[in-house]
Amino acid sequence: GAGVSQSPSNKVTEKGKDVELRCDPISGHTALYWYRQSLGQGLEFLIYFQGNSAPDKSGLPSDRFSAERTGGSVSTLTIQRTQQEDSAVYLCASSLGNRRANYGYTFGSGTRLTVV
Amino acid sequence: GQQLNQSPQSMFIQEGEDVSMNCTSSSIFNTWLWYKQEPGEGPVLLIALYKAGELTSNGRLTAQFGITRKDSFLNISASIPSDVGIYFCAGPSGSARQLTFGSGTQLTVLP
């Protein structure tokens, strides 16, 4: 598509439930990133995929968080046993794989997750 | 890890005024980027800076890469209502490809 698409745009879930957030990057973008933005805060890096390389998971806050990227395209971020502190906007971004262009992220509109 | 400190946290200005915000780091960055985020949307890249001392303009926006490589400034001239949003500075984290973002400057433009 023309931009990065994320779904759902909003998700309300009960504490303890699992959730899956989806990201469709721009076609041809080999790099994909997940960030988390808590209310009034900056963006916190979660995980990074580049082509077929092993993902950089260094930003995942706990083992309840995991992400996959299938076929080098669509990515799913899964949060197991959600907690109230997981409430945030989860942003996905993609970029071309080369060095400088890699920093010109295109972000999706995000998924606003509320854990009640 | 690397941290970016942005100031001010929020600004209220009158339409037509110029505004300046800055970003500092305790460590050297080789690239500085400025993003703008509007409500309900993801951040959008405004300006990218790749060289110490570089000054780059994009319309009414001007950004500079500090000579020490530990700071950057963003100026907006003749502000208009659509300038409202959160402005983030960002830079690549060491050898990793992901960006570290500052905490943002919330800009409000009063009519």
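This structure is a prediction, so every number in the text was calculated from the model and none was measured.

1. Quick word on the interface of chain B and chain A
Each partner contributes residues to the interface: chain B has 19 residues there, and chain A has 21 residues. Both faces considered, chain B and chain A share a buried interface measuring about 1600 Å² in area, 55% of it formed by carbon and sulfur atoms. Sorting the residues of chain B by area buried against chain A places Y50(B), R97(B) and Q98(B) first, and these three jointly supply 39% of that buried surface. Viewed at the interface, chain A and chain B are joined by zero salt bridges. Along the contact surface separating chain B from chain A lie six residue pairs in polar contact (both at pLDDT 80 or more).

2. Here we look at the sheet that holds strand 1 (residues 5-7) of chain A
All names here are of chain A. The four strands lie next to each other as 1-3-7-6, forming an open sheet whose pairing is antiparallel. Each having just a single partner strand, strand 1 and strand 6 (65-69) make up the two edges of the open sheet. Taken pair by pair, the neighbouring strands of this sheet meet at an average axis angle of 15 degrees, ignoring direction. Pairing analysis gives five bridges linking strand 3 (residues 19-24) to strand 7 (residues 75-79), with the strands arranged antiparallel. Note on strand 7: the bridge partner recorded for C23 is S75.

3. Things to note about the sheet that holds strand 3 (residues 19-25) of chain B
All names here are of chain B. In space, the five strands of this open sheet follow the order 1-3-8-7-6, with antiparallel pairing throughout. One side of each edge strand has no neighbouring strand; the edge strands of this open sheet are strand 1 (4-7) and strand 6 (55-58). Pairwise comparison of adjacent strand axes, ignoring direction, gives a mean angle of 15 degrees for this sheet. Judged from the four bridges that link them, strand 6 and strand 7 (residues 61-65) form a sheet pairing that is antiparallel. By the bridge assignment for strand 7, N58 is matched with L61.

Definitions and limits used
Residues numbered from 1 in each chain as written. Chains lettered and ligands numbered in written order. Predicted model: local features only at pLDDT ≥ 70, side-chain atom pairs only at ≥ 80, totals over all residues. Heavy atoms only, no water. Contact = heavy atoms within 4.5 Å. Buried area = accessible area lost by both parts, 1.4 Å probe. Salt bridge = Lys/Arg side-chain N within 4 Å of Asp/Glu carboxyl O. Polar contact = N/O pair within 3.5 Å; in protein donor to acceptor, adjacent residues only side chain to side chain. Pairing = 2+ DSSP bridges. Helix = DSSP H or I, 4+ residues; strand = E, 2+ residues; numbered from the N terminus. Axes fitted to C-alpha atoms, helices over the stretch in contact; angles between N-to-C directions.

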